[in-house]
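Read off the chains here:
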Amino acid sequence: MDTRRPEPRRRPRRRRRTRARGRARGRGRARARGGEPEHAESVGSVGFWEREWQGEPVYEAGWGILPEFQGHGLAVAALTELLAYVGAHGSRDSVHAFPGTDHPASNAVCRRAGFEYLGDVDFEYPPGVPHPSCDWRYRVELPRDGLTPSG
């Protein structure tokens with residue numbers, strides 16, 4: 001466990017529902033929805049895309065939850081569904097996330113979703129602008145039948 005990024009205090013959980021949808025060619029999105037299903041509203045999103053990181057083909061994930069809905073586990077739930085989708089339909093064996101070193105909430109989302117902390121990096125975001133970030137990796141269990149779901 002990374003002691004530099006302590007667990008934030010937990011808040012009571014609301015009922016939640018997530019829905020994941022994927023698109024072809026290594027892109028996907030999921031929307032986190034809060035509340036009862038008949039009154040569900042969009043409270044944020046999570047997505048992934050293809051990229052090359054340190055010479056390897058990987059997916060990168062990113063997410064955002066509206067401030068008034070943060071702290072209730074919605075980002076973790078949506079990211080977990082996204083990881084399951086990648087495992088079932090993806091062709092790359094790693095998903096990386098690069099939250100800022102100054103963003104403990106997003107680092108906690110990575111930890112709770114099962115990512116492994118690899119260290120601090122200067123990640124370019126936007127391109128050409130180095131941003132101190134944490135490199136988190138999730139190893140994807142791909143289908144073992146020799147076929148890739150995308151092709």
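Now for a quick tour of the structure. For clarity, every value in this text was computed on a predicted model and none was experimentally measured.

Some points on the nonpolar core
L79, L82, L83, V86, V95 and F115 are the most contacted members of the largest nonpolar core, which has 25 residues in total. Among the secondary structure elements, those contributing two or more residues to this core are strand 3 (41-53), strand 4 (56-65), helix 1 (74-89), strand 5 (94-97), helix 2 (104-112) and strand 7 (130-139). For this core, the leading source of residues is helix 1, giving 8 residues. Ignoring anything within four residues of it in the chain, the contact list for F115 reads L79, L83, V95, H96, A97, C110, W136, R137 and Y138.

Quick notes on helix 1
Relative to the 22 Å expected for 16 residues at 1.5 Å per residue, helix 1 spans 22 Å between its end C-alpha atoms, a close match to the ideal helical length. Those residues of helix 1 that sit buried are L74, A75, V76, A77, A78, L79, L82, L83, V86 and G87.

Some words on helix 2
Count 3.6 residues to each turn of an α-helix, and residues three or four apart come out pointing the same way. All of the buried residues in helix 2 are S106, N107, A108, V109, C110 and R111. Where the residues of helix 2 are buried, they touch strand 4, helix 1, strand 5 and strand 7. In the stretch just after helix 2, G114 is the one whose phi turns positive, near 100 degrees.

Re the packing of aromatic side chains
Evaluation of the coordinates by the stated rule reveals 7 aromatic pairs. With a centroid separation of 4.1 Å and an interplanar angle of 10 degrees, the aromatic rings of F98 and F123 are classed as stacked. With F98 in the loop between strand 5 and helix 2 and F123 in strand 6 (residues 116-124), the pair connects residues that are 25 residues apart, well separated along the chain. With a centroid separation of 5.6 Å and 50 degrees between ring planes, the pair formed by F115 and Y138 is classed as tilted.

Cut-offs used in this document
- Residues numbered from 1 in each chain as written.
- Predicted model: local features only at pLDDT ≥ 70, side-chain atom pairs only at ≥ 80, totals over all residues.
- Heavy atoms only, no water.
- Core = buried A, V, L, I, M, F, W, Y, C linked by side-chain atoms within 4.5 Å.
- Buried < 20%, exposed > 50% of the residue type's maximum accessible area, 1.4 Å probe, protein only.
- Helix = DSSP H or I, 4+ residues; strand = E, 2+ residues; numbered from the N terminus.
- Contact = heavy atoms within 4.5 Å.
- Expected span 1.5 Å × (residues − 1).
- Phe/Tyr/Trp six-rings, centres within 6.5 Å; stacked < 30°, edge-to-face > 60°.

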